[in-house]
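Single-letter residue listing:
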Amino acid sequence: MRHTLFKILALFFITYSGAQNIEISGNVQDETGFPIPGANIIVKNTSKGTTTDFDGNFVLAGVETGSTISISYIGYVTRDIVITDSKKLTIQLREDLAQLDEVVVVGYGTQKKKDVTGAVSIVSAATLEELRPIDAAQALQGTSAGVSVTAPSGSPGGGFNILIRGVSSNGDNGPLIIIDGYKGDLNSINPSDIETFSILKDAQAAIYGIEGANGVVLVTTKTGKKNSKARISYSGYTGVQETTRELPYLNATEYALILNESYAANGQTLPFPNVSGLGTGVDWQNELFDTAPITNHSLSVTGGGEKSTYYFGGSILEQDGIVASDKSNFQRANAKVKLTFELSDKLKFTTSANYFNQNRRSIGENALGTPLFNALNYAPTYSLDQQDTSGFLGNEVVNPISQIANTYNEYNGSSIEGTFQLEYEAFEGFKITSRVGLKAYNDTGKSFSPIVNYGSGKVFNTDRSSVSQSKNANNSYTWDTFATYNKVFAEDHNTSFTLGTSAQRAWGDNISATGFDVPNNSWEFADISLANGLSEAKTTGSYIYDSRLSSFFGRVQYDYKSKYLLSAMIRRDGSSDFAPENRIDYFSSATAGWKLSEENFLKDSETINLLKLRASYGTLGNNVGDDLYRALLSGEATYVFDGALITGTANGRLPNADATWETAEKLDIGLDINLFDNKLEIVADYFVEDRNDLLIGGFPVSGILGASAPGAGLPTVNAGTTRNKGLELFLNYKHSFSDDVSFGISYNATKIDGEVTAVSNDIISEGGSFSVGQPAISRMEVGQPIGYFYGLKSDGIFQNQAEVNAHPSQTGLGSAASPGDIRYVDVNGDGEITIADRTYLGKPQADYIMGLNLSFNYKNFDFGTYMYAELGKETVRNYERDQPNVNRLNLYLNRWTGEGSSNTVPRATVGATTNKLFSDFYVEDSSFLRIQNIQLGYSLPGDVIEKLGISKFRLYASVNNAFTFTKYNGYDPAATNGSAIGGGIDYGFYPISRQFILGLNLSI
């Protein structure tokens, strides 16, 4: 009995000791370290609890050790923590997207994501933080289904091209960019200031009428939070850049041997009788490429009170080029402010402003005769400072280092842009919004051409110095006023009505001039005020423009019990760019959705959280060109008066009073599925777009109209139709194994087929060039994709004279064939090979666009990688000069040297052949997979940063454009100049840089 009593007392003592009451305290934050006021802290299975104060702090007494507290807040995942001691807690809550009913911006309003009936992609600030793009457009590459982002150049400040669901127009295919309600450009804003992108891809964009045919990118910038103290955040990185690749070219010995073989094949004296001492020679690419620094600093202050919020941001980016960094560099500065004020219970004022300034220097690129072009073609047998004084390499190839040394230019641009908005809630559910968006952009440019001599007959020789200067002023405003009325009828009928008007204007002017005989032949004196030389040719130029748009729009949205969703919209646009009788048109669309997951047979499913069918159909417009109906005096002509040659003004492009806008007719059928407690998200779409009344520039008309007169031009005519159709798939899976381990994977793929379905009178539009003096190689033609490549199709290499004799004659191409020459296909079957045998050789647009993104978090470590791929496209290799003595790719080491030696690369000869005509020999598969970002980060634990008095401290290292896997021989398989007809032709693109970056994210 005594032993039993002792055991009971001992157990009671142990229990009492282990369950003693203590006081706990802590701070509750979101994932970014921002305090959460009003969060609930409850001791589970008791009524004991408290809430956090303004700064997210709490204190709770009388908590037993070993008990569990539950921390919750609306919109966040509830978190449970076992209490073991009185150590101060730092608790971070993760957003619960299922609870939040994520809001999506859809144009003149918002919708809950689960209720959206159109095809919309979202890119969040978290993605921007992981990618750290230089240009905000890069954040859309590989992260959004149906969106292709390509760079026309890897040079600093080079910009990006954005395509949404492919190329539908022969003109401009870029989307409309709306930033906080005003028309803007992504390259003018700091990516760190962006909260979200919403990409409208289907007929839902009809609310933007004439401007929505190419899709709409809606940008929402960051704002402060009400009832939160000031939070200072800094993000910065520094790093080095290098080229992603150098092209495999011949070294000096290889070059000399092949050149000797070429001369011998034509019975000429060898140019290099002794090659033994040549070695590898000069690697001109290696001499041009260098490592270059890049730095970025962004600072923001955000917060708010009971009636207001604020966000202030500033950033500076400095990037040097990997080619001639002193002549190729970019600087960008941004200042951002966003304020909201509740002036009364019914009236709210919001203003958002962005100041942007850029300074850029650049070298010539992506054209014949540019430094990179010359680096590839200049002979490796020359020394670094040696000029081709004899003209051995032809008249267009010069020493690239000397060329860069004689390149001088600078460009400076600045803008102020933003919005002023008033919202008035007249009564419950009825709100009137009036918003004015403004943008003023001004820039100046200057280039200097010194006196220089590169050698005999070189086209780049200059015997007179000159300086050219220009100044541009570009202004625009948008004034939107719209009313929205939300009303629930009979409990189950949810309605929303929007009615509004929009007035837009864009205007500006330019002036440019050239002065000659710059003092001292020096950049320091390169100014028109000092260049007093005269010229017989006109040395000044200018233009003005003024375009206006007036619109009315309306939208009705309806759902029944959140199951059946309907939306219809219409917009009336009037544009000053067309003749009065063609200015007005109407664009409309309808969308519908059915949430099967709300039906009784799925409502209680533990697997399916959301299952929604949706569809959309409508028309949208695309305006290509200004003043299409008026004849402008923009041409230039010369006349003879009294025996003297006089420069005058002439009509420019012929007018077309019948011109009207292109119309896109869009159909989309989609499926949205969320599974497994919203961990897996699936979005699938099938789409078809018919682009009608294409505005085709330079359309052939009768010569009696004067289109061929000096300074004149052919008109722009509505004369074609295209069809794009395809499939999109988006998969996103996120799972938290514990508070310490989480994983995410996102994949998207898009299949696009494009075709020209009709052109008036079967006229073929041409563009793009290859080499010098050859016909245009890109076409727009019925039955083919826009901008497809058109040339001779090969069928191997002639191995012997018997094969030459048995094949249709190729003399019609300009030269008889010999063994070792390219054998062309007689496409039209007329028994001879001529230029009429040209055919389809490929296209610059990809069949498939894909993105794969992975993330992994373990305790305070985070890892992520982003990948992007384009499959099923071709690029033209056009950086090889058509001259006998220039350097070449090392693929010529596998040339034909005798029967059976090669069936892919023709023989080496300086004699006349047809091998350099445009054919599929110069068209390469440019499909690629790019690992565009790899990042590893480490964040200090909550208890450590609390002691330091900060809310976030994260260090990271990343590699941008880490690896590119491709068969293409050029610098960048993704590069294109962005032209619909003439894109995908590589003249020696400035390669994108691989960037090694160290960065810091800090919040106080």
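It should be noted that the structure appears before, not after, this text.
Residues numbered from 1 in each chain as written. Predicted model: local features only at pLDDT ≥ 70, side-chain atom pairs only at ≥ 80, totals over all residues. Heavy atoms only, no water.

Structural notes on the overall build of the protein chain
- Of the regular secondary structure elements, the protein chain holds 10 helices and 51 strands.
- Relative to its length of 1004 residues, the protein chain is compact, with a C-alpha radius of gyration of 33 Å against a globular reference of 30 Å.
- Of all 1004 residues assigned to the protein chain, the portion counted as buried reaches 50%.
- Contacts in the protein chain between residues far apart in sequence, at least 24 positions, make up 71% of those at least 6 positions apart.
- Carbon and sulfur atoms make up 55% of the accessible area of the protein chain, which amounts to about 43,500 Å² in all.
- Distance between charge centroids for the protein chain: 7 Å, based on 79 positive and 109 negative side chains. (Helix = DSSP H or I, 4+ residues; strand = E, 2+ residues; numbered from the N terminus. Rg over C-alpha atoms; globule rule 2.2 N^0.38 Å. Buried < 20%, exposed > 50% of the residue type's maximum accessible area, 1.4 Å probe, protein only. Contact = heavy atoms within 4.5 Å. Areas by Shrake-Rupley, 256 points an atom, 1.4 Å probe, with all protein chains shown as cover. Lys, Arg positive; Asp, Glu negative; His and termini not counted. Charge placed at Lys NZ, Arg CZ, Asp CG, Glu CD.)

A few points about the sheet that holds strand β46 (residues 874-877)
- Strand order in the open sheet formed by three strands is β47-β46-β50, and the pairing between neighbours is mixed. Strands with a single pairing partner mark the edges of an open sheet, and in this sheet they are β47 (923-925) and β50 (985-986).
- Bridge count for β46 against β50 is two bridges, and the pairing is parallel. Of the residues in β50, the one forming a bridge with Val876 is Ile985. (Pairing = 2+ DSSP bridges.)

So, a nonpolar patch on the surface
- Taken together, Phe737, Phe743, Ile745, Phe856, Tyr858, Phe861, Phe863, Leu936 and Tyr938 make up a surface patch of nonpolar side chains, about 820 Å² in accessible area.
- Elements represented by at least two residues in the nonpolar patch include exactly β37 (741-759), β44 (848-858), β45 (861-871) and β48 (928-939). (Patch = residues over 30% accessible without salt bridge, like charges linked within 9 Å, V, L, I, M, F, W, Y side chains within 5 Å. Salt bridge = Lys/Arg side-chain N within 4 Å of Asp/Glu carboxyl O.)

So, unusual backbone geometry
- At Ala324, a residue that is not glycine, the phi angle is positive and equals roughly 50°.
- Tracing the backbone through its elements, the reader meets Ala324 in the loop between β19 (308-320) and β20 (329-342).
- A residue is classified by how much of its surface remains accessible, and Ala324, at 13% relative accessible area, is buried.
- Within the chain, Asp677 stands out as a residue other than glycine whose phi angle is a positive 60°.
- Within the secondary structure layout, Asp677 lies in the loop between β32 (662-675) and β33 (680-692).

Some remarks on the sheet that holds strand β1 (residues 21-29)
- Taken together, three strands build an open sheet; the order of strands is β4-β1-β7 and the sheet is mixed. On the outer flanks of this sheet lie β4 (57-64) and β7 (89-92), each paired with one strand and no other. Ignoring which end each strand starts from, the neighbouring axes of this sheet average 35° apart.
- Pairing between β1 and β4: six bridges, direction antiparallel. When the bridges of β4 are listed, Ile24 appears paired with Leu60. (Axes fitted to C-alpha atoms, helices over the stretch in contact; angles between N-to-C directions.)

Side note on the nonpolar core
- By size, the foremost hydrophobic cluster in this structure holds 56 residues, and its most contacted members are Val323, Val876 and Phe918.
- Here this core takes five residues from helix α4 (residues 252-265), the largest share from any one element.
- If we skip the residues at most four places from it in the chain, Val876 touches Phe770, Ile777, Phe789, Phe918, Tyr922, Val923, Tyr968, Gly984, Ile985 and Asp986.
- Judged by nonpolar contacts, the second largest core, of 22 residues, contains Leu140, Val149, Ile162 and Ile199. (Core = buried A, V, L, I, M, F, W, Y, C linked by side-chain atoms within 4.5 Å.)

Re the pattern of salt bridges
- Scanning the entire structure with this criterion turns up 50 salt bridges.
- Residues Arg464 and Asp517 are paired through a salt bridge, measuring 3.0 Å at the closest nitrogen-oxygen approach. Of this pair, Arg464 sits in the loop between β23 (430-449) and β24 (466-489) while Asp517 sits in the loop between β25 (493-516) and β26 (540-560), placing them 53 residues apart in sequence.
- For Lys843, the salt bridge is made with Asp847, and the minimal N-O distance between the two is 2.8 Å.
- Relative accessible area serves as the criterion here: at 21%, Asp847 is assigned to the partly exposed category.
- The network of salt bridges with shared partners includes Arg165, Lys201, Lys612, Arg614, Asp668, Asp672, Asp685 and Glu728.

Describing the packing of aromatic side chains
- Here the structure, examined in full by the defined rule, presents 27 aromatic pairs.
- Aromatic side chains Phe578 and Trp661 sit 5.1 Å apart centroid to centroid with 85° between the ring planes, which places their arrangement in the edge-to-face category. Separated by 83 residues along the polypeptide, Phe578 in the loop between β27 (564-575) and β28 (584-595) and Trp661 in the loop between β31 (644-650) and β32 bring together distant segments of the chain.
- Classification of Phe578 by relative accessible area gives buried; the value is 0%.
- We classify Trp661 as buried; its relative accessible area is 1%.
- Counting every residue linked through ring pairs, the aromatic cluster contains Phe770, Tyr892, Phe918, Phe921 and Tyr922.
- Over the ring of Trp523 we find Lys446; its NZ or CZ atom is 4.9 Å from the centre of that ring.
- The ring of Trp507 is capped by Arg505, whose NZ or CZ atom sits 4.2 Å from the centre of that ring. (Phe/Tyr/Trp six-rings, centres within 6.5 Å; stacked < 30°, edge-to-face > 60°. Lys NZ or Arg CZ within 6 Å of the ring centre and 35° of its normal.)

Describing the pairing of β19
- Only one face of β19 is buried, namely the one carrying Thr309, Tyr311, Gly313, Ser315, Leu317 and Gln319, since none of Ser308, Tyr310, Phe312, Gly314, Ile316, Glu318 and Asp320 on the opposite face is buried.
- Both strand β18 (residues 292-304) and β19 contribute to a ladder of 11 bridges, which runs antiparallel. Directly across from Gly303, in β19, lies its bridge partner Tyr310.
- Linking two consecutive strands that pair antiparallel, namely β18 and β19, is a turn of three residues.
- Relative to β20, β19 is paired through 13 bridges, and the arrangement is antiparallel. Across the sheet, the residue bridging to Ile316 is Ala333, located in β20.

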